[in-house]
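Structural overview
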Amino acid sequence: QVQVVESGGGLVQPGGSLRLSCAASGSIFSINAMGWYRQAPGKQRELVAVITSGGSTNYAASVKGRFTISRDNAKNTVYLQMNKLKPEDTAVYYCNANIRLMGQPDDYWGQGTQVTVSS
């Protein structure tokens with residue numbers, strides 16, 4: 001059994017900052033890539049940022065230079081530091097982790113955390 005749990009969402013004014021955290025727990029053998037996705041009302045879920053087990057990162061063009069993804073492999077945790085937030089960043093943010101228990105790895109999702117950017 002694996003759990004992926006996000007935390008850190010909330011309401012912030014434009015230009016402000018938030019830090020999201022996501023921890024994976026359970027009978028985990030290893031974790032490959034971990035990433036953050038978001039879904040705004042009426043829109044499809046989109047990739048925000050992803051980080052490999054080796055630390056390589058990739059960002060959506062809309063957040064590059066404002067968001068930073070990082071991970072602590074010892075804690076099976078990934079973070080998303082969000083700076084200079086804009087109203088268009090408002091969405092439910094989901095954590096994804098590609099986790100190997102036994103055999104082939106599989107994707108696991110968190111329940112989502114709401115981020116609202118508004119004055």
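We now turn to the structure provided with this report.

**Here we look at unusual backbone geometry**
- If you check the backbone angles, Asn 76 has positive phi at about 50° while not being a glycine.
- Here Asn 76 is to be found in the loop between strand S7 (67-72) and strand S8 (77-82).
- According to the relative accessible area criterion, Asn 76 is partly exposed, its value standing at 24%.

**A few points about the pairing of strand S10 (residues 106-109)**
- With four bridges joining them, strand S9 (residues 91-100) and S10 adopt antiparallel strand pairing. In the sheet register, Asn 98 faces S10, and the bridge partner there is Asp 107.
- Counting the residues between successive antiparallel strands, the hairpin from S9 to S10 contains five residues, one of them, Gly 103, with a positive phi of roughly 80°.

**Regarding the state of the cysteines**
- Under the definition given, this model contains one disulfide.
- Through a disulfide, Cys 22 is tied to Cys 95; the S-S separation comes to 2.0 Å. Disulfide Cys 22-Cys 95: the torsion about the S-S bond is -80°, which places it as left-handed. Placement of Cys 22 in strand S3 (residues 18-26) and of Cys 95 in strand S9 is noted, with a sequence separation of 73 residues between them. Accessibility assignment for this pair places Cys 22 and Cys 95 in one class, buried.

**Some details on the pattern of salt bridges**
- Evaluation of the coordinates by the stated rule reveals three salt bridges.
- Close ionic contact of Arg 38 with Glu 46 constitutes a salt bridge, the shortest N to O distance being 2.7 Å.
- On the basis of relative accessible area, Arg 38 is assigned to the buried category, the value being 6%.
- Bridged by salt links that share partners, the residues Arg 38, Glu 46, Arg 66 and Asp 89 form one connected network.

**Notes on the environment of Lys 75**
- Relative to the helices and strands, Lys 75 is located in the loop between S7 and S8.
- With a relative accessible area of 56%, Lys 75 lands in the exposed category.
- Considered as a pair, Lys 75 and Ala 23 are 52 residues apart in the sequence and their alpha carbons are 7.4 Å apart.

**Some remarks on the packing of aromatic side chains**
- As enumerated under the stated definition, the model contains one aromatic pair in all.
- The side chain of Arg 19 reaches across the aromatic face of Tyr 79, ending 4.1 Å from its centre.
- Between Arg 45 and the ring centre of Trp 109, over which it is positioned, the NZ or CZ distance is 4.7 Å.

Cut-off values and rules
Here, residues in each chain are numbered from 1, in the same order as that chain's written sequence. With the structure being a predicted model, the display of local features is reserved for residues of pLDDT at least 70 and the display and counting of side-chain atom pairs for 80 or more, all residues being used for whole-chain, interface and lining totals. Hydrogen atoms and water are omitted, and side-chain values are computed over all heavy atoms in the structure. What counts as a helix is a DSSP run of H or I of at least four residues, what counts as a strand is a run of E of at least two, and both are numbered from the N terminus. Partly exposed residues are those whose accessible area sits between 20% and 50% of the maximum for their type, while under 20% is buried and over 50% is exposed, using a 1.4 Å probe and protein chains only. Should DSSP find at least two bridges between two strands, the strands are regarded as paired. Cysteine sulfur atoms that pair up within 2.5 Å are treated as a disulfide. Whenever a carboxyl oxygen of Asp or Glu lies within 4 Å of a side-chain nitrogen of Lys or Arg, that contact is scored as a salt bridge. Any two of the Phe, Tyr and Trp rings considered here, Trp counted by its six-membered ring, make a pair once their centres fall within 6.5 Å; the pair's planes then place it as stacked at under 30 degrees, edge-to-face at over 60, or tilted in between. Any Lys NZ or Arg CZ that is within 6 Å of a ring centre and within 35 degrees of that ring's normal is treated as a charge sitting over the ring.

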